[in-house]
Amino acid sequence: MERAIRNFVSQESAGGILLMVAVALAMLLANSPLADLYQGFLSTGVQLRVGELDINKPLLLWINDGLMALFFLLIGLEVKRELLEGALSSVAKASLPSFAAIGGMVFPALFYLAFNYTNPETQVGWAIPAATDIAFALGIMALLGSRVPVALKVFLLALAIIDDLGVIVIIALFYSTDLSMMSLIIAAVSIVLMVALNRRGVSAITPYALIGFVLWVAVLKSGVHATLAGVIIAFCIPLRDKAGASPSGRLEHKLHPWSTFLILPVFAFANAGLSLTNMSFESFAEPITLGIMMGLMLGKPIGVLLFSYAAVKLKLAELPPGIGWSQIIPVAVMCGIGFTMSVFIASLAFEHSPAAYGDYARLGILTGSLFAALIGYFWLAKVLPKTGENHETI
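Residues numbered from 1 in each chain as written. Predicted model: local features only at pLDDT ≥ 70, side-chain atom pairs only at ≥ 80, totals over all residues. Heavy atoms only, no water.

Colleague: Could you clarify how one ought to interpret the overall build of the protein chain in this entry?
Modeller: Scanning the protein chain from terminus to terminus reveals 15 helices and two strands. On C-alpha atoms alone, the protein chain measures out to a radius of gyration of 21 Å, which is about the 21 Å that the 2.2 N^0.38 rule sets for 394 residues. Counting only C-alpha atoms, the protein chain reaches 65 × 60 × 35 Å along its principal axes. Relative to its 394 residues, the protein chain shows a buried fraction of 53%. In the protein chain, the share of contacts with a sequence separation of at least 24, taken over all contacts with a separation of at least 6, comes to 82%. Carbon and sulfur atoms make up 68% of the accessible area of the protein chain, which totals about 17,500 Å². Side-chain charges in the protein chain split into 22 positive and 23 negative, and the spacing between the mean points of these groups amounts to 11 Å. (Helix = DSSP H or I, 4+ residues; strand = E, 2+ residues; numbered from the N terminus. Rg over C-alpha atoms; globule rule 2.2 N^0.38 Å. Buried < 20%, exposed > 50% of the residue type's maximum accessible area, 1.4 Å probe, protein only. Contact = heavy atoms within 4.5 Å. Areas by Shrake-Rupley, 256 points an atom, 1.4 Å probe, with all protein chains shown as cover. Lys, Arg positive; Asp, Glu negative; His and termini not counted. Charge placed at Lys NZ, Arg CZ, Asp CG, Glu CD.)

Structure, rendered in structure tokens:
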């Protein structure tokens, strides 16, 4: 378990830096003489056609619907592993991060709605500040090195994974429209076949990949967001085979570098290019921008702390050994780093809305996440023991 967390954190810390570079490059291009080239590149049509099957989307949507399905596959593999064998495998282990994650989703949504309750068109963005970006949050924490206790990193990792699971449910329930019954039937048959493979003990990844591709196409055409296919595939792949080896673990290990060093940076590059041409200081006062900023900077830490404190006081959960509230508080602030998943939800929420809504959403996400990262980092650095005083390393 400790070795798995060590590998995970080391990759995500490097990935967090790469994400920052991708965001900076996207912002630079979107506000330079190359802006039209940047937007034109993302709007390039890419078509896949086999007989009557026709998938024709701009490159941006291939990234958001295709590449991100692989990211969600990885998230599904991580969630399954943690639920069955890891940090969420028992009530005692899962209680505190579960309560924290619930509070960290409820309160940001309430903060957002407080600024947007009068406008039905913008209310659909309520879930945008509810997500925590694992790569960024762990990347920021990793900058403090061995000063950070193992238990604190595990708490953040478990919280973020439960948060991702909640976001997956939200996408399935609230951001799926115009359902196609035929496509849903094909998707259901695909799921049954993969479950049958699992029950028969098939550990080879290839059959799951082939049926999974059919599932992805069916879900894409069904009106349910295609990325959910990745999660379903992940839950169908066996965690352990008859010999005790882990097929899902092998796939997770192979996907991690692709996700960290390609998929997420490409997603960030494609979605973070916010043009500041039509932006002004008044843009920060827009309800969408304010709702997301306040949701990330205030809603997240308040929700995480209130639910955690209530769970501990009611004896429903316990603080990790050697961890105090002075350390939990800055970690709760770091949970307001919501970049990847927040941008993804914003692309779904405002897909058919005026372009300005998406711009305001990205402005709020970038600003709120930046402040959460800076405040969380310096606060945690202040309360942690100095180098050499903490001997728990990861």
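Colleague: Is there a simple way to think about the packing of aromatic side chains in this case?
Modeller: Each aromatic ring pair is described using two quantities: the centre-to-centre distance and the angle formed by the ring planes. What the rule picks out here adds up to eleven aromatic pairs. Measuring from centroid to centroid gives 5.3 Å for Tyr38 and Phe269, while their planes differ by 85°, and the two rings are edge-to-face. Separated by 231 residues along the polypeptide, Tyr38 in helix H2 (residues 35–42) and Phe269 in helix H11 (residues 247–271) bring together distant segments of the chain. The residues Tyr38 and Phe269 share a single accessibility class, namely buried. On the basis of an interplanar angle of 45° and a centroid distance of 5.5 Å, the ring pair of Phe72 and Phe344 is categorised as tilted. (Phe/Tyr/Trp six-rings, centres within 6.5 Å; stacked < 30°, edge-to-face > 60°.)

Colleague: Got a minute to help me understand the nonpolar core in this structure?
Modeller: The biggest cluster of nonpolar side chains holds 118 residues, and the ones touching the most others in it are Phe72 and Trp216. A total of 14 residues in this core trace back to one element, the largest contributor, which is helix H7 (residues 150–174). (Core = buried A, V, L, I, M, F, W, Y, C linked by side-chain atoms within 4.5 Å.)

Colleague: What am I meant to see in the packing of helix H12 (residues 287–313) against helix H15 (residues 355–383) here?
Modeller: When two helices pack together, you describe them by how their axes are tilted relative to each other and by the distance separating the axes. Two elements in contact, H12 and H15, have axes separated by 8 Å at closest approach and are oriented at 25°. When the axes of H12 and H15 are compared, the pair comes out roughly parallel. Considering the relative orientation of H12 and H15, their crossing is right-handed. Contact residues: Ile288, Thr289, Ile292, Met293, Leu296 and Met297 in H12; Tyr357, Tyr360, Ala361, Leu363, Gly364, Ile365, Thr367, Gly368, Ser369 and Phe371 in H15. (Axes fitted to C-alpha atoms, helices over the stretch in contact; angles between N-to-C directions. Parallel < 35°, antiparallel > 145°, perpendicular 65-115°, else oblique. Left-handed = near helix turned anticlockwise from the far one by under 90°.)

Colleague: Sorry if this is basic, but what is going on with the pattern of salt bridges here?
Modeller: If charged atoms from side chains of opposite charge come close, those side chains can pair. Enumeration according to the criterion identifies six salt bridges in this entry. Linking Glu82 and Arg81 is a salt bridge whose minimum nitrogen-to-oxygen distance equals 2.7 Å. Taken as a pair, Glu82 and Arg81 share a single burial class, namely buried. One salt bridge in this structure joins Asp163 and Lys300, with 2.6 Å as the shortest N-O distance. In this pair, Asp163 is assigned in helix H7 and Lys300 in helix H12, connecting sequence segments 137 residues apart. As far as burial versus exposure is concerned, Asp163 and Lys300 are alike and both buried. Connected through shared salt-bridge partners, Arg81, Glu82 and Glu252 make up one network. (Salt bridge = Lys/Arg side-chain N within 4 Å of Asp/Glu carboxyl O.)

Colleague: Is there a simple way to think about unusual backbone geometry in this case?
Modeller: Among all residues save glycine, negative phi is the norm, and among peptide bonds the norm is trans. The phi dihedral of Lys315 falls on the positive side, at around 60°, and the residue is not glycine. Relative to the helices and strands, Lys315 resides in the loop between H12 and helix H13 (325–334).

Colleague: In this structure, what is going on with the pairing of strand S2 (residues 53–58)? I would like to understand it.
Modeller: Where a strand is regular, its side chains alternate between the two sheet faces. With six bridges connecting them, strand S1 (residues 45–50) and S2 associate as antiparallel partners. Looking at the pairing, Gln47 lines up with Asn56 of S2. The loop that links S1 with its antiparallel partner S2 comprises two residues; one of these, Gly51, has a positive phi angle of about 60°. (Pairing = 2+ DSSP bridges.)

Colleague: Could you clarify how one ought to interpret the side chain of Asn271 in this entry?
Modeller: Along the chain, Asn271 falls in helix H11. In terms of polar contacts, Asn271 uses its side chain to reach the side chain of Asn64, at 3.0 Å. Of the polar contacts made by the side chain of Asn271, one reaches the backbone oxygen of Phe267; its length is 2.9 Å. (Polar contact = N/O pair within 3.5 Å; in protein donor to acceptor, adjacent residues only side chain to side chain.)

Colleague: Looking at this model, I keep getting lost on the confidence of the model for the protein chain. Mind explaining?
Modeller: Atom-level detail of predicted coordinates should not be read off regions where pLDDT is low. Confidence along the protein chain averages 86 in pLDDT terms, with 93% of residues attaining 70 or more. For the protein chain, helix H1 (residues 2–30) is the element with the lowest average pLDDT, namely 71, and H12 is the one with the highest, namely 95. Low pLDDT, under 50, characterises residues 388–394; the predicted model gives this stretch 17 contacts beyond four residues in sequence or across chains. (pLDDT = per-residue confidence, 0-100.)

Colleague: Would you explain the packing of H12 against H13 in this entry?
Modeller: Interaxial distance between H12 and H13 falls to 8 Å at its minimum, and their mutual angle equals 145°. Considering the relative orientation of H12 and H13, their crossing is right-handed. Here H12 contributes Lys300, Pro301, Val304, Leu305, Ser308, Tyr309 and Val312 to the contact with H13, which in turn contributes Trp325, Ile328, Ile329, Ala332 and Val333. In the contact of H12 with H13, the residues fall into ten nonpolar, one polar and one charged. (Nonpolar A, V, L, I, M, F, W, Y, C, P; charged D, E, K, R; others polar.)

Colleague: What is the right way to look at a nonpolar patch on the surface in this model?
Modeller: Together, Leu48, Val50, Leu53, Met181, Met182, Ile185, Ile186, Val189, Leu193, Phe213 and Val214 give the surface a local cluster of nonpolar side chains, amounting to about 990 Å² of exposed area. Of all elements in the fold, only S1, helix H8 (181–199) and helix H9 (205–222) reach the threshold of two or more residues within the nonpolar patch. In terms of residues, the nonpolar patch owes the most to one element, H8, which gives six residues. Looking at the secondary structure, you find Phe213 in helix H9. For Phe213, a relative accessible area of 45% corresponds to the partly exposed category. (Patch = residues over 30% accessible without salt bridge, like charges linked within 9 Å, V, L, I, M, F, W, Y side chains within 5 Å.)

Colleague: Just checking my understanding: could you explain H2 for this structure?
Modeller: Every α-helix carries 3.6 residues per turn, so stepping three or four residues along brings you back to the same face. Those residues of H2 that fall on the buried side of the exposure criterion are Ala35, Tyr38 and Leu42. In an axial view of H2, the angular spread of the buried residues amounts to 65°, which keeps them on one side of the axis. Across H2 from its buried face, at more than 90 degrees, point the exposed residues Asp36 and Leu37. (Arc of directions from axis to C-beta.)

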